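Each chain, written out:
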Amino acid sequence: VQCWGVNPFSPDGKKLLYTSRIGSSSSSNSEIIMMNIDGFDKVRLTMNDYCDSHANFTPDGKSIVHQVHVYDAVHSEEYARIYISPLDSMIAKPDSLWGKNLTEIAGYPLDDTFSCYIKPLLNKEGTKIAFKKGEEEKLGGLFVMNIDGSGLVGISDTLNDASHHVWSPDGK
């Protein structure tokens with residue numbers, strides 16, 4: 001079980017989000033799973049051909065912010081996007097139905113670049129998202145934006161590893 005993010009727990013402390021590989025080893029994708037803190041009642045939240053990870057509950061527990069890693073065959077590019085998704089419409093659905101209520105808040109094609117927007121982390125108020133912008137294993141920067149994708153602010157654009165960011169206790 002891989003838990004991504006600093007706090008994968010629901011606001012009431014009863015649920016946990018984690019990422020799990022689904023499928024055979026040659027064609028597996030990471031999917032987001034939610035379960036009770038006691039390990040029972042697992043619910044697969046994503047079902048698609050992408051790698052879904054780094055899920056955080058919103059403070060009201062009704063939605064999650066997460067990363068979706070995509071391969072664009074037309075441009076032969078890989079990139080990651082950040083989405084916010086209501087839990088009540090996310091329970092795993094076939095590819096043809098999944099994603100109808102996802103709201104992309106950052107990443108290609110919104111900003112016309114194949115730069116990855118990865119490892120989103122909500123502040124405790126649920127108003128801001130810290131994330132790494134750049135390629136997974138290469139030079140990137142740490143950024144912060146509002147929950148709706150507006151107000152993008154670069155914190156640093158020269159970090160070799162901006163992948164272990166956390167919010168301070170006061171969320172600022």
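Everything discussed here concerns the structure shown above.
Residues numbered from 1 in each chain as written. Predicted model: local features only at pLDDT ≥ 70, side-chain atom pairs only at ≥ 80, totals over all residues. Heavy atoms only, no water.

S.K.: Explain the packing of aromatic side chains to me, using residue names and the numbers behind them.
M.R.: If you walk through the whole model with that rule in mind, you get one aromatic pair. Ring geometry for Phe 131 against Phe 143: centres 6.0 Å apart, planes inclined by 25 degrees, an arrangement best described as stacked. With a gap of 12 residues between them, Phe 131 in strand S9 (residues 128-134) and Phe 143 in strand S10 (residues 140-146) connect regions that are remote in the sequence. Accessibility classification places Phe 131 together with Phe 143 in one group, the buried group. (Phe/Tyr/Trp six-rings, centres within 6.5 Å; stacked < 30°, edge-to-face > 60°. Helix = DSSP H or I, 4+ residues; strand = E, 2+ residues; numbered from the N terminus. Buried < 20%, exposed > 50% of the residue type's maximum accessible area, 1.4 Å probe, protein only.)

S.K.: Now, about the nonpolar core: what can you tell me, with residues and values included?
M.R.: Val 65, Ile 82, Ile 84, Ile 105, Tyr 117, Leu 122, Ile 129, Phe 131, Phe 143 and Met 145 together form the largest nonpolar core, which totals 10 residues. Sorting the residues of this core by element identifies strand S6 (77-86), strand S8 (117-122), S9 and S10 as the ones contributing at least two each. Among the nonpolar cores identified, the runner-up in size contains nine residues, and Met 34, Leu 45, Ile 64 and Met 90 belong to it. (Core = buried A, V, L, I, M, F, W, Y, C linked by side-chain atoms within 4.5 Å.)

S.K.: Could you give me a rundown of the pattern of salt bridges, with the residues and numbers involved?
M.R.: If you walk through the whole model with that rule in mind, you get one salt bridge. Glu 31 serves as the salt-bridge partner of Arg 44, at 3.7 Å between the closest nitrogen and oxygen. Here Glu 31 lies in strand S2 (residues 29-36) and Arg 44 lies in strand S3 (residues 43-44), a separation of 13 residues in the sequence. On the basis of relative accessibility, which here comes to 25%, the residue Arg 44 falls in the partly exposed class. Residue classification places Glu 31 among the buried residues on the basis of a relative accessible area of 1%. (Salt bridge = Lys/Arg side-chain N within 4 Å of Asp/Glu carboxyl O.)

S.K.: Give me the lowdown on the sheet that holds S3, citing residues and values where you can.
M.R.: The strand order S1-S2-S3 describes an open sheet built from three strands, whose pairing is antiparallel. One side of each edge strand has no neighbouring strand; the edge strands of this open sheet are strand S1 (15-22) and S3. Summarising the sheet, S1 and S2 pair through eight bridges and their orientation is antiparallel. Bridge pairing in S2 links Thr 19 to Ile 32. (Pairing = 2+ DSSP bridges.)

S.K.: Kindly report on the environment of Cys 116, identifying the contributing residues and their values.
M.R.: Mapped onto the fold, Cys 116 is located in the loop between strand S7 (103-106) and S8. With a relative accessible area of 5%, Cys 116 lands in the buried category. Between the alpha carbons of Cys 116 and Val 68 there is a distance of 9.9 Å; along the sequence they are 48 residues apart. Setting aside residues no more than four positions away along its own chain, Cys 116 makes contact with Glu 78, Tyr 79, Ala 80, Lys 132, Lys 133 and Gly 134. (Contact = heavy atoms within 4.5 Å.)

S.K.: Go over the pairing of S9, please, and point to the residues and values.
M.R.: Burial analysis of S9 places five of its seven residues in the buried class, which makes it a mostly covered element. When S8 meets S9, the two strands line up antiparallel, connected through four bridges. Residue pairing across strands places Leu 122 opposite Ile 129, the latter belonging to S9.

S.K.: Tell me about the side chain of Asp 52, and name the residues and values.
M.R.: With respect to the secondary-structure elements, Asp 52 resides in strand S4 (residues 51-57). Although buried, Asp 52 forms no salt bridge, and the nearest oppositely charged side chain, Arg 44, lies 7.2 Å from it. (Lys, Arg positive; Asp, Glu negative; His and termini not counted.)

S.K.: How would you explain the environment of Ser 168 if you had to name every residue and give the values?
M.R.: With respect to the helices, strands and loops of the structure, Ser 168 is situated in the segment after strand S11 (153-159). The exposure class of Ser 168 is partly exposed, given its relative accessible area of 31%. With 44 residues separating them along the chain, Ser 168 and Lys 124 place their C-alpha atoms 9.5 Å apart.

Function-wise, these values are silent; they only describe arrangement.
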